[in-house]
Amino acid sequence: MKRVALLVLSALLLAGCVAREAEPAAAGLTVTGRYPLEYAEQFTIDECAGGYSLVTIGEERYLVVPEDAPLPTGLEPDLTILQQPIENIYLVSTSVMDPIISIGALDSIALSGTQADGWYLKQAREAMENGRIAYAGRYSTPDYETILNADCGLAIENTMIYHTPEVKEQLERFGIPVLVERSSYEKDPLARMEWVKLYGLLLGKKEQAEQQFAEAEQRIAPLAEQPSTGKTVAFFSITSNGLATVRKGNDYVARMIEMAGGDYVFADLTDNGNNLATVNLSLENFYAGAKDADVLIYNSTIEGEVDSLAALLERCPLLADCKAVQQGNVWCTAQSLFQQSMELPDLILDMNRVFTQENPPESELKFLTKIQ
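Since this is a predicted model, take the numbers as computed values, not measurements.

Criteria and thresholds
- Residues numbered from 1 in each chain as written.
- Predicted model: local features only at pLDDT ≥ 70, side-chain atom pairs only at ≥ 80, totals over all residues.
- Heavy atoms only, no water.
- Axes fitted to C-alpha atoms, helices over the stretch in contact; angles between N-to-C directions.
- Helix = DSSP H or I, 4+ residues; strand = E, 2+ residues; numbered from the N terminus.
- Parallel < 35°, antiparallel > 145°, perpendicular 65-115°, else oblique.
- Left-handed = near helix turned anticlockwise from the far one by under 90°.
- Contact = heavy atoms within 4.5 Å.
- Nonpolar A, V, L, I, M, F, W, Y, C, P; charged D, E, K, R; others polar.
- Phe/Tyr/Trp six-rings, centres within 6.5 Å; stacked < 30°, edge-to-face > 60°.
- Lys NZ or Arg CZ within 6 Å of the ring centre and 35° of its normal.
- pLDDT = per-residue confidence, 0-100.

Asker: Looking at this structure, how should I read the packing of helix α9 (residues 252–259) against helix α14 (residues 344–356)?
Answerer: A pair of packed helices is captured by two measures, namely the crossing angle of their axes and the spacing between those axes. Look at α9 against α14: their axes get within 8 Å of each other, and the N-to-C directions meet at 50°. Between α9 and α14, the crossing angle belongs to the class labelled oblique. Both α9 and α14 take part in a crossing whose hand is right-handed. Contact residues: Tyr252, Met256, Ile257 and Met259 in α9; Leu344, Leu347, Ile348, Met351 and Phe355 in α14. The class makeup of the residues in the contact of α9 with α14 is nine nonpolar, no polar and no charged.

Structural data, given as C-alpha cells:
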C-alpha cells in the first residue's frame, strides 16, 4: 500500500495537482516587506534588501533593479529584469499615459502605439506633434525597426497583447522587456488609479505618485459621508448593430455610480462566463431595465459622442418612453474619459452633482454633458 501511495503522490506532484509549500518570492532576493496598496488587487510589490523590488502582475514577475546595482545571482529564469533608469518606453496601453504625465515622467516615453490624433491628452498629443514621441505601430503590428533604433527600455502593453503572443515574444527576443498592465481588471476606480504607484516606482517618482494618489482619494472622500441619493442610473452605449452595451454590476463604473450616491440599474449583471467588463443586451432587454431609471448616462468612449437627444433616439427609438428622457435627465460622457485615468474623481463628482442638483451648471461639470 505504501508503494501505491508513493506512486500516486509522485504522479500528482508531476501533474502539478498537489500544492507545494510556499516558496520564497524569488531566489537570490531577501524580501523585507510588502509595499502597502490600499485598493489595487491586480499587482503586488515586494520590497527587497538592497533597494530591489519584485513586482507581480497576474502570472508575470518583474525585478526592478536600482541604477548601478548588480543583478542578484541565482534568480529564477521567469523573472523579467527592469534595470533603472527605465527610458525610451514604448507605450501601447493608453490608460497608462495619464498616470505617467501626472508624476512628471512624460520624458520617459519615446514611442507610442497611438498616433497623435488619437490622443485626447494634450501633453501626449503635443509631444508627438513636436517629435519628442514617435509612433511605433499598434500592439499587433509594432514597427520593430523604430523600436530598436530608439533603444527602447520597456514596452508597456495591456492584455490585448495576449491575442498576438508572437509580438510579445519577438520584443523579448530583441531584449526589450514587456510589462502587461491589468488595471482594467480592477473593480474599483481608486484601485485603477493606484496603479500610478507602480509607475512611480519604476520611473523613480515614488513620492510624486503617492502624492497624486492621495490627492485623488481626498477629493472624493467627503462623498463617503453622504447618504444615497436614491437616484437610479443606467450607464450604456448603443452599438452600430443595434445592441446596448452596459457595464457589469461588479465593474468600476457601477462602483463610481454607487460612490456618487446612485443605484446602478444593472447591478445584477455580474458574470456571464468571461472576463469582459461589459454585457451586450438587446434593445428590448435594455429598455426593460432602464425605462424607469432616473438618470441615463451615455458612454461615448465606445461608439462616439451623441450630441443631441434626436441622435440618441435615432439609435434607439425605444428610449423615447424612458422616464429619464421624459424628464430631461440624459447625459453623455466625454470621449476622453478612458485616457484620463487619473481624473476619475471628476467623473464621480460630476455624477454626484447630476444626482443631487436638478440642473447643475455646465461650468461645474468636466466629463458629463446634458443631451437635449
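Asker: Looking at this structure, I do not really get the packing of aromatic side chains. What am I missing?
Answerer: The geometry of an aromatic ring pair comes down to the distance between the two centres and the angle between the two planes. The tally for this structure, following the rule as stated, stands at seven aromatic pairs. Aromatic side chains Phe236 and Tyr298 sit 5.3 Å apart centroid to centroid with 85° between the ring planes, which places their arrangement in the edge-to-face category. Here Tyr298 lies in strand β15 (residues 295–298) and Phe236 lies in strand β11 (residues 231–238), a separation of 62 residues in the sequence. Aromatic ring contacts, followed pair by pair, group Phe236, Tyr264, Phe266, Phe286 and Tyr298 into a single cluster. When the ring centre of Tyr185 is taken as reference, the NZ or CZ atom of Arg182 above it lies at 4.3 Å. Cation over ring: Arg192 sits above Tyr252, and NZ or CZ is 3.5 Å from the ring centre.

Asker: What exactly am I supposed to notice about the confidence of the model for the protein here?
Answerer: Low-pLDDT stretches of the model should not have their predicted coordinates read in fine detail. Confidence in the prediction of the protein, expressed as mean pLDDT, is 91, and 92% of residues score 70 or more. When the criterion is pLDDT under 50, residues 1–24 qualifies, and its contacts beyond four places in sequence or with other chains add up to four contacts.

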